[in-house]
Amino acid sequence: MTPPEPSQATTADALETRIRRRLKRQHFMHHIGANLTRIELGRVEAEVVMEQHHQQHGGFAHGGLVATLADLVAGFAAVTLAPENQSLVTAELKTTYMRPGVGEKLRAVGWVLKPGRRLYFCEAEVWADEKLIAKASATMAVVETQG
């Protein structure tokens with residue numbers, strides 16, 4: 001007799017548990033106040049509530065913060081598809097800024113365009129409230145997990 005397939009809910013719960021376990025080591029993410037709000041196979045979303053320390057001199061979201069959020073969601077989207085014994089690092093990140101980041105909350109959405117054995121090609125968008133402020137493309141490289 002063949003064992004039953006795991007339910008979609010069980011699989012989603014297991015994925016979320018695995019990703020949240022890896023997030024404990026994401027110290028910079030915690031430092032900037034980013035929280036993953038959605039985790040699916042090949043897709044991740046995160047939010048940051050805008051505070052003064054996130055702003056550049058003109059009061060807009062700092063470009064480094066915007067690029068970091070794009071990198072974070074693209075990378076973790078790839079992690080959702082990678083085997084547990086592998087880690088990913090950013091090999092390339094291109095961020096295009098479309099407008100200044102003004103608002104109360106930044107939301108980033110990342111997804112995998114093409115997973116591979118050694119490279120994952122991803123994209124991301126960053127939104128300030130309901131306005132798209134940046135798009136990014138990222139290449140994530142597979143590395144063996146240390147210890």
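Report follows, based on the coordinates. (Residues numbered from 1 in each chain as written. Predicted model: local features only at pLDDT ≥ 70, side-chain atom pairs only at ≥ 80, totals over all residues. Heavy atoms only, no water.)

## With respect to the nonpolar core
Leu69 and Tyr120 are the most contacted members of the largest nonpolar core, which totals 40 residues. When residues of this core are traced back to their parent elements, those giving at least two are helix H1 (8–23), helix H2 (27–32), strand E1 (35–40), strand E2 (43–49), helix H3 (63–79), strand E4 (105–114), strand E5 (119–128) and strand E6 (131–144). (Core = buried A, V, L, I, M, F, W, Y, C linked by side-chain atoms within 4.5 Å. Buried < 20%, exposed > 50% of the residue type's maximum accessible area, 1.4 Å probe, protein only. Helix = DSSP H or I, 4+ residues; strand = E, 2+ residues; numbered from the N terminus.)

## Remarks on the sheet that holds strand E3 (residues 86–97)
Strand pairing in a sheet relies on backbone hydrogen bonds, with the paired strands running either antiparallel or parallel. One open sheet accounts for six strands, arranged E1-E2-E4-E5-E6-E3; its pairing is antiparallel. The open sheet has two free edges, formed respectively by E1 and E3, since each of these has just one partner strand. On average, each strand axis in the sheet is inclined to that of its neighbour by 20°, with strand direction left out of account. Judged from the eight bridges that link them, E4 and E5 form a sheet pairing that is antiparallel. Bridging from a neighbouring strand, Val109 pairs with Glu125 of E5. H3 contacts E1, E2, E3, E4, E5 and E6 of the sheet and is inclined by roughly 40° relative to E4. (Pairing = 2+ DSSP bridges. Axes fitted to C-alpha atoms, helices over the stretch in contact; angles between N-to-C directions. Contact = heavy atoms within 4.5 Å.)

## Quick word on a nonpolar patch on the surface
Judged by side-chain polarity, Leu113, Leu119 and Phe121 come together as a nonpolar surface patch covering roughly 260 Å² of accessible area. Inspection of the secondary structure assignment puts Phe121 in strand E5. Taking relative accessible area as the criterion, Phe121 reaches 35% and is therefore assigned partly exposed. (Patch = residues over 30% accessible without salt bridge, like charges linked within 9 Å, V, L, I, M, F, W, Y side chains within 5 Å. Areas by Shrake-Rupley, 256 points an atom, 1.4 Å probe, with all protein chains shown as cover. Salt bridge = Lys/Arg side-chain N within 4 Å of Asp/Glu carboxyl O.)

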